[in-house]
Each structure stands twice: as structure tokens, then as C-alpha cells.
Amino acid sequence: MTSRQTIEILGVPYEKIDEIMDFLSKAGLETGGTGSKVRPVVSCKGTTCQYGLIDTFALSLKVHEMFYKGYSDVKLPHKFKIAVGGCPNNCVKPNLNDVGIIGQRIPVYNSNMCRGCKDCKVEEACPINIAKVENGKLVIDKEKCNNCGRCIGKCTFNAIESGQKGYKIYIGGRWGKKVKQGKALEKIFASETEALLAVEKAILLFREQGKTGERFADTIERLGFENVQSQLLSDDILKRKAEILGAQLHLVGGATC
Ligand code: SF4
Ligand code: SF4
Ligand code: SF4
């Protein structure tokens, strides 16, 4: 298996490629997925995992249909990898992909309910130890909280009864020869539809503003993260969708594998 959960078959003679593709297709197996375009999507088992905060299989299927299949003829500057993770445990490393989606549950904390217990159940439940009782009140460091939602429902006095569902999106990650950690957009998207739109904008931006041969991480570095982020958070790029898709761009893509 490759990192995209696909299979590489070695040693097929060139003249037999069509034959083996037919053979595989009769067994319901798809071939392809390489080149300077959206690659097969990777998903963690968040749908069935005890920590899963979103239905990763259902979302990945949508990403697969909309962007792997829907954009299969769209030439990009380089390969474009998308991964979907169910929680901040990062089992499929969404932040090391061109775009990574991570399920979120933002705890809704009512500090008026907090009684500053000696043994705080929320403190105990937080796996990264950023929820702490200070001066008689629980304090959650919002900058450090990864929205894993593990503290929800743990408070004896119902100070954190619920959480808001969300989707965090990382852009510009890369694995392989030149590893680069992706950076999260500042907005946590409230719905799947919004998250999918952000992914589409990222692909369109890469096609329009990326230089042939560069990965999305390089495009972001060249244009500046803030610039890219503001474009992904506005809808301007979607208004240019037909124009971007119709342009003669990246006819010879930059992907070598
Ligand atoms: S990333 Fe989270 S939801 Fe996905 S498999 Fe790992 S622990 Fe489970
Ligand atoms: S358990 Fe609840 S009430 Fe007690 S300190 Fe923690 S958050 Fe506050
Ligand atoms: S959501 Fe997760 S990281 Fe944030 S305070 Fe709760 S347990 Fe800690």
C-alpha cells in the first residue's frame, strides 16, 4: 500500500497496460490516480473510532467524488493530496497533506458553573494538559486547545455540557523529500459544506496562482500565508471558477511520481 492507500503493481510491460486495466476494472478496481492533479483521498477510521468527531468515511467519499473524480481532468502545477482525519490525534497526518481536514469539537465552557474543585475532572480529562484550575476557576487556553472535545461532559457541575462541531483545515503540508508542516486556517468551519468549499477554493487557487512544478506549500510561501488565507476565506475565487478551469494552464504538469 502507498500512503494514499492505493496499490502499485510493478513489472507490467508497457504494451499490457490496457489489458491489465480492463482486467482490474472487471473486478471493480479503479486504476490511475497519479500525475499533476488531485490524488486519491486518504481517510482515517474516524467514522467508527472512539475518538472520531466527524464521519470521515462519508466526508472522504464526498471529497473523492467532488475533487478526485470531479477534477480528474483539471491540470495542476503538481500533485495535490487531501486527507481527512476524525480528530486531532492525526492518525493519517492531515497536516502533512496539501489540504488536510480535521474533525473538531469546540468545548462550550460556562465559567459561572465552575466551583474550582480540588480534583478537577476536566483537568484530568484533557490529554494535552491545557485545561487548568487557576485561582479557583478552570481556565482553558484557547490558543492551545486542539478542540478534541474529550473534556465535554466531564465536569461534575456541568460547566462543559456541550461542544460545537467543526472542521479545521490545514493547508500547505507535504511529506516525502522536503517535509513541511501544514498551517491551519484561523477559521474553524462549522459545516461540511463550508469545509468542502474551502477545499475547492484551495484547488482553484493552486491552479490559478501556482507555478508549474511547485507544490502548494511553495505557492503559499511565495504568495504569503495571510494572502492565501484571505482568498480562501472570501468567495472571489469561486466567481472565477469557470475562467480558472477553462484556462490553458500547466499543460505539462510538474509531478514526477
Ligand atoms: S485521527 Fe482520531 S478519529 Fe481518526 S483514527 Fe485516529 S484517533 Fe481515531
Ligand atoms: S470539575 Fe468542573 S466545577 Fe470542578 S473545577 Fe473542574 S470545571 Fe470547575
Ligand atoms: S477540547 Fe481537548 S484540548 Fe481542549 S480543553 Fe478539552 S480536552 Fe483539552
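Throughout, a residue's number is its position along its own chain's written sequence, starting from 1. Written order determines the labels here, with chains lettered from A and ligands numbered from 1. Local features in this predicted model are restricted to residues of pLDDT 70 or higher, and side-chain atom pairs are both shown and tallied only at a pLDDT of 80 or more, whereas totals for entire chains, interfaces and linings draw on every residue.

### A closer look at the overall build of the protein
The cut-off we apply is this: Helix and strand assignments come from DSSP, with helices taken as H or I runs of at least 4 residues and strands as E runs of at least 2, each series counted from the N terminus. Whether two residues are in contact depends on their C-beta atoms, placed from the backbone: they are in contact if these lie within 7 Å.
In terms of helices and strands, the protein carries 8 helices and 7 strands. Here the C-alpha coordinates of the protein stretch approximately 75 × 40 × 30 Å along the principal axes. The contacts of the protein with a sequence gap of at least 6 include a subset with a gap of at least 24, amounting to 68%.

### Side note on the site of ligand 3
Let me state the cut-off plainly: We call a residue near a molecule or strand when the C-beta position, derived from backbone atoms, sits within 6 Å of it. Under the convention adopted here, Pro, Cys and the residues Ala, Val, Leu, Ile, Met, Phe, Trp and Tyr are nonpolar, Asp, Glu, Lys and Arg are charged, and Gly plus all remaining residues are polar.
The environment of ligand 3 is formed by 14 residues, the closest being C126, C145, C148, R150 and C151. The residue inventory of the shell around ligand 3, partitioned by class, reads 10 nonpolar, 3 polar and 1 charged.

### Focus on the nonpolar core
To be explicit about the condition: Note on terminology: a nonpolar core is any set of buried Ala, Val, Leu, Ile, Met, Phe, Trp, Tyr and Cys residues joined through C-beta atoms within 7 Å. Every C-beta atom is placed from the backbone, and the number of other C-beta atoms within 10 Å of a residue's own sets its class: buried at 20 or more, exposed at 12 or fewer, partly exposed in between.
Counting 39 residues, the largest nonpolar core has I82, I169, I171, V199, A202 and I203 as the members making the most contacts within it. If you list the elements that add at least two residues to this core, you get α2 (56-69), β2 (82-85), β3 (99-108), β6 (162-171), α4 (192-209), α5 (216-223) and α6 (225-233). The dominant element in this core, judged by the number of residues it contributes, is α4, at 7 residues. Aside from chain neighbours lying at most four places away, what touches I203 is V38, F67, Y71 and F80.

### Overview of the sheet that holds β6
Just so we agree on the cut-off: What makes two strands pair is DSSP finding at least two bridges between them.
Reading across the sheet, the 5 strands line up as β1-β2-β3-β6-β7 and stay open at both edges, with mixed pairing between neighbours. A strand with exactly one partner marks an edge of an open sheet, and here the two such strands are β1 (42-43) and β7 (183-184). Where β1 lies against β2, 2 bridges are found, and the strand directions are parallel. For S43, the partnering residue across the bridge sits in β2 and is V84.

### Focus on the site of ligand 2
Around ligand 2 sit 13 residues in total, of which C114, C117, C120, L138 and C155 are the nearest. A per-class count over the shell around ligand 2 returns 9 nonpolar, 2 polar and 2 charged.

### Side note on the domain arrangement of the protein
Interface size is often expressed as the accessible area that is lost when the parts come together. For clarity, the cut-off: The split into domains, and so the bounds of each, comes from an automatic or database assignment of domains.
Taken domain by domain, the protein holds domain 1 (34-103 + 166-251) and domain 2 (111-160). Once you take the C-alpha centre of each, domain 1 and domain 2 turn out to be 32 Å apart. Between domain 1 and domain 2, the residue contacts involve 4 residues of the former and 4 residues of the latter. Here the residues of the side of domain 1 that touches domain 2 are counted per class, giving 3 nonpolar, 1 polar and no charged.

### Here we look at helix α1 (residues 17-26)
Little of α1 is tucked away: 0 of the 10 residues are buried. A positive phi of about 80° marks G28, the residue just after α1.

### Quick word on unusual backbone geometry
Here the phi dihedral of N158 falls at roughly 60°; this positive angle occurs in a residue that is not glycine. With respect to the secondary-structure elements, N158 resides in the loop between β5 (137-140) and β6.

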